[in-house]
Amino acid sequence: MSSCFLKVQNLRKSYGGLVHVLDGMNFQMEPKERIVVIGPSGSGKSTLLRCIMGLEKIDDGRIEFEGARYIEAQANRRKDNLVDTAVRAKIGMVFQHYTLFPHLTVLGNLVLSPIRARGESRASATERAMQLLKRLGLDNRANAYPGMLSGGQKQRVAIARALLLDPKIMLFDEVTSALDPELVAEVEGLMLELAEQKMSMMIVTHDMWFAKRIATRVIFCADGHIVEDAPPAKIFSDPAEPRTADFLKKVLHVDTVS
Amino acid sequence: MNLATSLSFLYDYRLALFTGLGNTLYFTSLGLAIGLPLGFIVSIIRQSGHPILKAIATTYVEIFRGTPVLVQLFWFFFCLPALLGVDLGNVTSTITTLALYMGAISSESCRAALKSIGAEQRDACIALGLPARVSVPYVILPQTIMRAVPTLLSNCVTLFKESALVSAVGMADLMYQGQMIADSTARPIEILTATALIYFFIAFSVTRIVTYYEQSFLKRLKL
Ligand SMILES: Nc1ncnc2c1ncn2[C@@H]1O[C@H](COP(=O)(O)OP(=O)(O)O)[C@@H](O)[C@H]1O
Ligand SMILES: [Mg+2]
């Protein structure tokens, strides 16, 4: 067993057993890489991230994390995956629609899991949460309810909530897609800050300029396969695969990102 | 007929009216105390239960929502003893009917509230590593209850008003007392107006509480 950071092997996933949304996907990731996943809508980008987070049952294949077994499909028992929840705890995910808990304050959202699931004392969790909120310029919103925040603030709180659990890797699924254009920058800015701090990340985004800026590696997916896997400088200026070039032309309305 | 004599006439019968109101509140609150938890349990069975339990729960809910409460009262009072030889007595059969009716209508409210907690909230719980022993009491239940409260309170008002029907099986509730006084004194106008006002005053207060709760609380949280 090789001990790479994240290893996805022969990952297959279908909804209702018909079309394979992920049709035998393979890739590896090293620590501190920032992989941006691009591809047409419906190509399985969200599904890939959701499988890695352990939100979906996989049909076949396995996922290893830090050299340890994490998720494995069981032969003959399609409904039953082996999932190591201790490994899952090292992975954080942020969703398109924030998914904050609306009945809890910002602070309440942050400290729920540290206190109730990890047994941290309220005092210590609150202190860490307030420090983090302060760093993000959100400490004055600690006692606000999510319904009172702007979309950008909500998404930054969602990121903070995941960060407070000290993840080894963060998964971002189109986290700016639901935001008004003028609020995108504050969330992308925060992600760039995390990049500076060498956080390992997998990011699904339609914002190719942001992808170019944050990625150390870009994966282009279509039909449940990885079509191309290359550094951003290469894929955006000189894609090897015609399908990649086609896709980029469509989303950019120009030939390359300059 | 002037106001002073009307009021003094009503004043003479205040005791009978208040006894009736007491009985109305007694039947209603027992109906609520049994019906609300029943509704909650039935909603959970209907969402995630065994197929046979689910079919039984669904049949129960549809029958009680689809028939008049008066028919249900008569059925438990007259038919149950004749068919099964079980005579509950009029008080027990009345409370049973109200509780079963309340259970049926409030199970629908709970079911809608449970459904409205999206899959995304459950995903967030998993991503944050919350086991069910945390996510159910701290995330799912509070949101379900907050969302169900307005409709459940409206159900309470409905039950309170429908409870006037128990006078038809001889229960001495507010409606029954009003009717008796009206018949024996031949002065229905004052007494039935007063009865209506008492029902209205209580139902209206609860409805205002619902509106206040929705506007101040749910809107603020954007729930
Ligand atoms: N819960 C689901 N049930 C059935 N089909 C689904 C479900 N989630 C996604 N799909 C289907 O799987 C395919 C891939 O979806 P998704 O991973 O969301 O794509 P992407 O994020 O790349 O747009 C789509 O065709 C979508 O309709
Ligand atoms: Mg998606």
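Calculation notes
Residues numbered from 1 in each chain as written. Chains lettered and ligands numbered in written order. Predicted model: local features only at pLDDT ≥ 70, side-chain atom pairs only at ≥ 80, totals over all residues. Heavy atoms only, no water. Buried < 20%, exposed > 50% of the residue type's maximum accessible area, 1.4 Å probe, protein only. Helix = DSSP H or I, 4+ residues; strand = E, 2+ residues; numbered from the N terminus. Phe/Tyr/Trp six-rings, centres within 6.5 Å; stacked < 30°, edge-to-face > 60°. Lys NZ or Arg CZ within 6 Å of the ring centre and 35° of its normal. Near = heavy atom within 4 Å. Polar contact = N/O pair within 3.5 Å; in protein donor to acceptor, adjacent residues only side chain to side chain. Areas by Shrake-Rupley, 256 points an atom, 1.4 Å probe, with all protein chains shown as cover. Nonpolar A, V, L, I, M, F, W, Y, C, P; charged D, E, K, R; others polar. Expected span 1.5 Å × (residues − 1). Arc of directions from axis to C-beta. Contact = heavy atoms within 4.5 Å. Pairing = 2+ DSSP bridges. Buried area = accessible area lost by both parts, 1.4 Å probe. Salt bridge = Lys/Arg side-chain N within 4 Å of Asp/Glu carboxyl O.

A. How the structure looks around helix α1 (residues 45-53) of chain A. Residue and element names in this part refer to chain A. With respect to burial, α1 is a largely interior element, eight of its nine residues being buried. Every buried residue of α1 is accounted for by Lys-45, Thr-47, Leu-48, Leu-49, Arg-50, Cys-51, Ile-52 and Met-53. Two residues or fewer after α1 comes Gly-54, characterised by a positive phi angle close to 85°.

B. How the structure looks around the packing of aromatic side chains. Applying the stated rule across the entire model yields eleven aromatic pairs over all chains. When the centroid spacing of 5.1 Å and the interplanar angle of 35° are considered together, the rings of Phe220(A) and Phe247(A) count as tilted. Here Phe220(A) is found in strand β10 (residues 217-222), whereas its partner Phe247(A) is found in helix α9 (residues 242-252), with 27 residues between them in sequence. With relative accessibility at 2%, the residue Phe220(A) sits in the buried group. Cluster of aromatic residues (ring-pair linked, three or more members): Tyr60(B), Phe64(B), Trp75(B) and Phe76(B). Sitting above the plane of the Phe101(A) ring, Arg161(A) keeps its charged end 4.6 Å from the centroid. One cation-aromatic arrangement involves Arg14(B) over Tyr11(B); the distance from NZ or CZ to the ring centre is 4.0 Å.

C. Main features of the site of ligand 1. Residues and elements named next belong to chain A. Around ligand 1, a shell composed of Tyr-15, Val-21, Pro-40, Ser-41, Gly-42, Ser-43, Gly-44, Lys-45, Ser-46 and Thr-47 is seen. Here Gly-44 contributes a backbone N or O atom positioned 3.0 Å from an oxygen atom of ligand 1. Between Ser-46 and ligand 1, the recorded distance is 2.7 Å, taken from a side-chain N or O atom to an oxygen atom. Notes on ligand 1: free accessible area 560 Å², of which the protein chains cover 54%. Classifying every residue of the shell around ligand 1 by side-chain character gives three nonpolar, six polar and one charged.

D. The arrangement of helix α8 (residues 174-185) of chain B in detail. Residues and elements named next belong to chain B. Given a rise of 1.5 Å per residue, twelve residues ought to cover 16 Å, and the 16 Å separating the end C-alpha atoms of α8 matches this to within 8%. Buried residues of α8: Leu-174, Gln-177, Gly-178, Ile-181 and Ala-182, and no others. Mapping the buried residues of α8 onto a view down its axis gives an arc of 130°, with all of them on the same face. Residues Asp-183 and Ser-184 are exposed on α8 and point more than 90 degrees away from its buried face. Check the buried side of α8 and you find it contacts α1 (3-12), α2 (14-48) and α9 (188-221). Backbone geometry just downstream of α8 places Ala-186 in the positive-phi region, at approximately 55°.

E. Inspection of the pairing of β10(A) at higher detail. Residue and element names in this part refer to chain A. Taken across its six residues, β10 has six buried, putting it largely inside the fold. The alternating pattern of β10 places Arg-217, Ile-219 and Cys-221 on one face and Val-218, Phe-220 and Ala-222 on the opposite face, and all of these are buried. Across four bridges, the pairing between strand β3 (residues 34-38) and β10 is parallel. Its bridge partner lying in β10, Val-37 is registered against Ile-219. From the end of β10 to the start of strand β11 (residues 225-230), which pair antiparallel, there are two residues, and Asp-223 there has a positive phi angle of about 50°.

F. Quick peek at the side chain of Ser107(B). All names here are of chain B. Secondary-structure assignment places Ser-107 in helix α5 (residues 90-116). What makes Ser-107 buried here is its relative accessible area of 0%. Separated by 3.1 Å, the side chain of Ser-107 and the backbone oxygen of Ala-104 make a polar contact. In this structure, Ser-107 is in contact with Gly-39, Val-42, Ser-43, Arg-46 and Val-61, ignoring residues within four places of it in sequence.

G. Fine view of unusual backbone geometry. All names here are of chain A. One non-glycine residue with positive phi stands out, namely Tyr-98, at about 60°. Its place among the elements puts Tyr-98 in the loop between β7 (91-94) and α3 (106-117). Even without being a glycine, Glu-174 presents a positive backbone phi close to 50°. On the basis of relative accessible area, Glu-174 is assigned to the buried category, the value being 14%.

H. Local environment of the interface of chain A and chain B. Taken residue by residue, the interface counts 23 residues in chain A and 22 residues in chain B. Of the roughly 2000 Å² buried where chain A meets chain B, counting both sides, 65% is carbon and sulfur surface. Three residues stand out in chain A for area buried against chain B, namely Phe101(A), His103(A) and Arg116(A), and they jointly supply 27% of the buried area on that side. At the junction of chain A with chain B, the criterion picks out one salt bridge. Two residues, Arg50(A) and Asp123(B), come together in a salt bridge whose shortest N-O distance is 2.8 Å. If you look at where chain A meets chain B, you find seven residue pairs in polar contact (both at pLDDT 80 or more). Listing elements by their share of the side of chain A that touches chain B, those giving two or more residues are α1, β7 and α3 of chain A. Here the side of chain A that touches chain B gets four residues from one element, more than from any other, and that element is α3(A). Looking at the side of chain A that touches chain B, its residues break down into 13 nonpolar, six polar and four charged.

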